[in-house]
Amino acid sequence: MTTKTPRVDSEVGPLRAVLLHRPGNELTRLTPRNNDKLLFDSIPWVGRAQEEHDAFAEVLRGRGVEVLLLAEVLREALTDPRAHAAGVHAAVDDRRLGEDLGDALRSHLSGVDAATLAEVLMAGLTFEELPAAEGASLVRKIHHPHDFAVDPLPNLLFTRDSSVWIGDRVAISSLAMPARRRETALLDLIYAYHPRFSHASRAYGAHSAPVEGGDVLLLAPGVLAVGIGERTTAAGAESLARSLFADDIAHTVLAVPIAQARATMHLDTVCTMVAPDAVVMYPLARDELVAFTLRPDGDGSLRVDGPEPFLHAAAEAMGIEKLRVIDTGLDPVTAEREQWDDGNNTLALAPGVVVGYERNVETNARLADAGIEVLAIAGSELGSGRGGPRCMSCPIVRDPIG
């Protein structure tokens, strides 16, 4: 397979390469005691989640998509001594461990191989699993053996959020929730040190105001919508827009306020694109969503217009007459259920071809009636962290539309 240069200009151009994360030992760390803190609604059956994810990956490969697995590219990146040192730094938090125990763990991890370090970075480390003690440590003594000295990252499954390609540049997200913030360090070192991304330029930095990839929709080349809600702030949307305008990789950014709630944590939980002129959308959002239109004013500042109805602002920015809207579900109750079950969270493999969860029967039927081919996958365990096929995928290469 020919390796294409990373570039993504739309949500629906033919997908050629994608970054996924196969569920691993980080999910076995979830318990009823910590799953809320780690942002999962229930405890997934890990073996079944892996089977479902393997089937998802095979659907993509069957359509000619190159699937990169995060664990593999992380291990490969960590073979670079500079990446290994950055990984050790990311793993050890002196504010949690104290200076002495932190130094001991740093010393230990500096001597492990790339695969071992990658596993610690993803699955975490309990106090029981720390290297044998040298001298007394109050921190070690006071913690339960199963407490985390290095937190696991079960949300790595949702690769959409931690980075997003915009044009030929990658934006490293600034993740809002404490349980996810260390994910950015992993993506940072992958894009900095893995040979596949040796020439990748950055569109946004992980230390900027909060922006998460699930809130970023590439409506058309040069046109983005950015949700503002539980995970992405207004400051983050504005900072991203300024960065994209300065780099001349976008001319319009629509800032779209959404409800700050678990069910609508990202813009892509209420709306995703399924064709160049069509979206699948939660019906209650159709009339409620508004957008502020951000454009460069020519002297390095922003022009902010609106708010106006999102669908109208989006169509105008995209240069089309209107966006077709396919509703989630057939009635308010079904729509609410299927929105909760990620019915809107589809991944386009090409214009008019999407992957969706099989359980969203009515949404999938409405998509089919609208001429959209739905490749249905199982997600009974994958969905326990509240995310669908789009959440679980970071497109790296898409061909231009048409």
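For clarity, every value in this text was computed on a predicted model and none was experimentally measured. Per-chain numbering applies: the sequence of each chain, read as written, is numbered from 1 onward. Local features in this predicted model are restricted to residues whose pLDDT is 70 or higher, and side-chain atom pairs enter the listing and the counts only when it is 80 or higher, whereas totals over whole chains, interfaces and linings include all residues. Values reported for side chains reflect all heavy atoms of the structure, with hydrogen atoms and water molecules removed beforehand.

### Describing the sheet that holds strand S11 (residues 271–275)
No. 1: At least two bridges found by DSSP between two strands is the condition for calling them paired. Strands here mean DSSP runs of E at least two residues long; helices mean DSSP runs of H or I at least four residues long; both are numbered from the N terminus. Taken in spatial order, the 3 strands line up as S11-S12-S15 in an open sheet, and their pairing is mixed. Whereas interior strands pair on both sides, the edge strands pair on one side only; in this sheet they are S11 and strand S15 (324–327). Averaged over all adjacent pairs, the angle separating strand axes in this sheet is 30°, with direction ignored.
No. 2: In what follows, residue pairs with any heavy atoms lying within 4.5 Å of each other are defined as contacts. Axis lines are fitted through C-alpha atoms, for helices just across the contact stretch, and the angle between N-to-C directions can take any value from 0 to 180 degrees. Contacting S11, strand S12 (278–281) and S15, helix H15 (residues 361–369) runs over the sheet at an angle of about 150° to S15.

### What about the nonpolar core?
No. 1: Residues belong to one nonpolar core when they are buried, are Ala, Val, Leu, Ile, Met, Phe, Trp, Tyr or Cys, and are joined through side-chain atoms within 4.5 Å. Throughout this description, buried means an accessible area under 20% of the type-specific maximum (1.4 Å probe, protein chains only), exposed means over 50%, and partly exposed covers the range between. Ranked by size, the top nonpolar core spans 69 residues in total, and within it Leu19, Leu78, Leu109, Ile166, Tyr191 and Leu244 carry the most contacts.
No. 2: Per element, the largest residue contribution to this core is 6 residues, and it comes from helix H7 (residues 114–123).
No. 3: Note that domain bounds follow an automatic or database assignment of domains. The two domains that each donate at least three residues to this core are domain 1 (46–70 + 154–398) and domain 2 (71–150).
No. 4: Filtering out sequence-adjacent residues up to four positions away, leucine 244 remains in contact with Ile166, Ala203, Leu224, Ile249, Ala250 and Val253.
No. 5: In terms of nonpolar packing, the next biggest core, distinct from the first, is built from 36 residues, Leu254, Met273, Ala317 and Ile326 among them.

### Here's the deal with the UniProt feature "active site" (unreviewed entry) in the protein chain
No. 1: UniProt feature "active site" (unreviewed entry): in the numbering of this structure it lies at Cys391.
No. 2: Owing to a relative accessible area of 2%, cysteine 391 belongs among the buried residues under this scheme.
No. 3: Dropping the residues within four chain positions of it, cysteine 391 is found in contact with Leu157, Phe158, Thr159, Arg160, Asp268 and Asn345. UniProt positions are given in the numbering used here, feature names are shortened, and annotations may be inferred rather than shown by experiment.

### Things to note about the side chain of serine 173
No. 1: You can see serine 173 is positioned in the loop between strand S6 (169–172) and helix H10 (183–193).
No. 2: Judged by its relative accessible area of 3%, serine 173 is buried.
No. 3: A distance of 2.5 Å separates a polar atom in the side chain of serine 173 from the backbone oxygen of aspartate 161. For this analysis, a polar contact is any N or O atom pair within 3.5 Å, provided that within protein one partner can donate a hydrogen and the other can accept it, and provided that sequence-adjacent residues contribute only side-chain to side-chain pairs.

### Remarks on the side chain of serine 162
No. 1: Tracing the backbone through its elements, the reader meets serine 162 in helix H9 (residues 159–162).
No. 2: If we skip the residues at most four places from it in the chain, serine 162 touches Ala171, Ile172, Ser173, Leu175, Glu183 and Leu187.

### A closer look at the pairing of strand S17 (residues 353–357)
No. 1: Most of S17 sits out of view: 5 of its 5 residues are buried.
No. 2: Of the two faces of S17, the one holding Val353, Val355 and Tyr357 and the one holding Val354 and Gly356 are both buried throughout.
No. 3: Sheet topology note: the strand S16 (residues 347–350)/S17 ladder contains 3 bridges and is antiparallel. Bridge pairing links alanine 348 to valine 354 in S17.
No. 4: Taking the residues that link successive antiparallel strands as the turn, the S16-S17 hairpin has 2 residues, and the phi of glycine 352 there is positive, at about 80°.
No. 5: In terms of strand pairing, S17 meets strand S18 (residues 373–377) through 5 bridges, oriented parallel. Of the residues in S18, the one forming a bridge with valine 355 is leucine 375.
No. 6: By definition, the crossover connecting two strands over a helix is right-handed if that path, from the first strand to the second, turns clockwise as seen with the strands pointing away from the viewer. The parallel pair S17 and S18 is bridged by H15, and the resulting crossover is right-handed.

### Notes on the packing of helix H3 (residues 70–77) against H7
No. 1: Here H3 crosses H7 at 130°, and the two axes come no closer than 8 Å. Judged on the interaxial angle alone, H7 and H3 are oblique. Considering how the two elements wind past one another, H3 and H7 form a crossing that is right-handed. For the pair H3 and H7, contact is made by Leu70, Ala71, Leu74 and Arg75 and by Ala114, Ala115, Ala118 and Met122, respectively.
No. 2: Three classes are used: nonpolar for Ala, Val, Leu, Ile, Met, Phe, Trp, Tyr, Cys and Pro, charged for Asp, Glu, Lys and Arg, and polar for all others, with Gly counted as polar. The residue makeup of the contact of H3 with H7, split by class, is 7 nonpolar, no polar and 1 charged. Reported orientations rely on four angle classes, namely roughly parallel under 35 degrees, roughly antiparallel over 145, roughly perpendicular from 65 to 115, and oblique for the rest. Handedness of each helix crossing follows the sense of rotation of the near helix against the far helix: counterclockwise by less than a right angle gives left-handed, clockwise gives right-handed.

### A short note on the environment of isoleucine 396
No. 1: Within the fold, isoleucine 396 resides in strand S19 (residues 394–398).
No. 2: With a relative accessible area of 0%, isoleucine 396 lands in the buried category.
No. 3: Separated by 229 residues in the primary sequence, isoleucine 396 and glycine 167 place their C-alpha atoms 9.8 Å from one another.

### What about the pairing of strand S8 (residues 216–220)?
No. 1: The buried fraction of S8 is high, at 5 of 5 residues.
No. 2: Two elements, S8 and strand S9 (residues 223–228), share 4 bridges in a ladder whose sense is antiparallel. Residue pairing across strands places leucine 217 opposite alanine 225, the latter belonging to S9.
No. 3: The antiparallel pairing of S8 with S9 creates a hairpin that spans 2 residues between the two strands, and glycine 222 there sits at a positive phi of about 85°.

### Some points on H15
No. 1: Every buried residue of H15 is accounted for by Thr363, Asn364 and Leu367. Projected down its long axis, H15 carries its buried residues within an arc of 100°, all on one side. Looking at H15, the residues exposed on the side facing more than 90 degrees away from the buried face are Val361 and Asp369. This arc describes the spread of directions from the helix axis toward the C-beta atoms.

### Brief notes about helix H6 (residues 99–110)
No. 1: Over its 12 residues, H6 extends 16 Å from the first C-alpha to the last, a length consistent with the 16 Å expected when each residue adds 1.5 Å.
No. 2: For H6, the full list of buried residues reads Leu101, Gly102, Leu105 and Leu109. Down the axis of H6, the buried side of the element spans an arc of 100°, and every buried residue falls inside it. Facing away from the buried side of H6 by more than 90 degrees, the exposed set consists of Glu99, Asp100 and Ser107.
No. 3: For H6, the elements touching its buried residues are helix H4 (81–91), helix H5 (94–97), H7, strand S3 (125–126), helix H8 (138–142) and strand S4 (148–150). In this analysis, the expected span of each helix is defined as 1.5 Å times one less than the number of residues it contains.

### A few points about the packing of aromatic side chains
No. 1: Between rings of Phe, Tyr and Trp, where Trp is taken as its six-membered ring, a pair exists when centres lie within 6.5 Å; planes separated by under 30 degrees are stacked, by over 60 edge-to-face, and by other angles tilted. Summed over the entire model, instances satisfying the criterion amount to 3 aromatic pairs.
No. 2: Aromatic pair tryptophan 165 and phenylalanine 197: ring centres 6.1 Å apart, planes at 35°, arrangement tilted. On the criterion of sequence distance, the pair formed by tryptophan 165 in strand S5 (residues 163–166) and phenylalanine 197 in the loop between H10 and strand S7 (201–204) is long-range, its members being 32 residues apart.
No. 3: Pairwise contacts between aromatic rings join Trp165, Tyr191 and Phe197 into one cluster.

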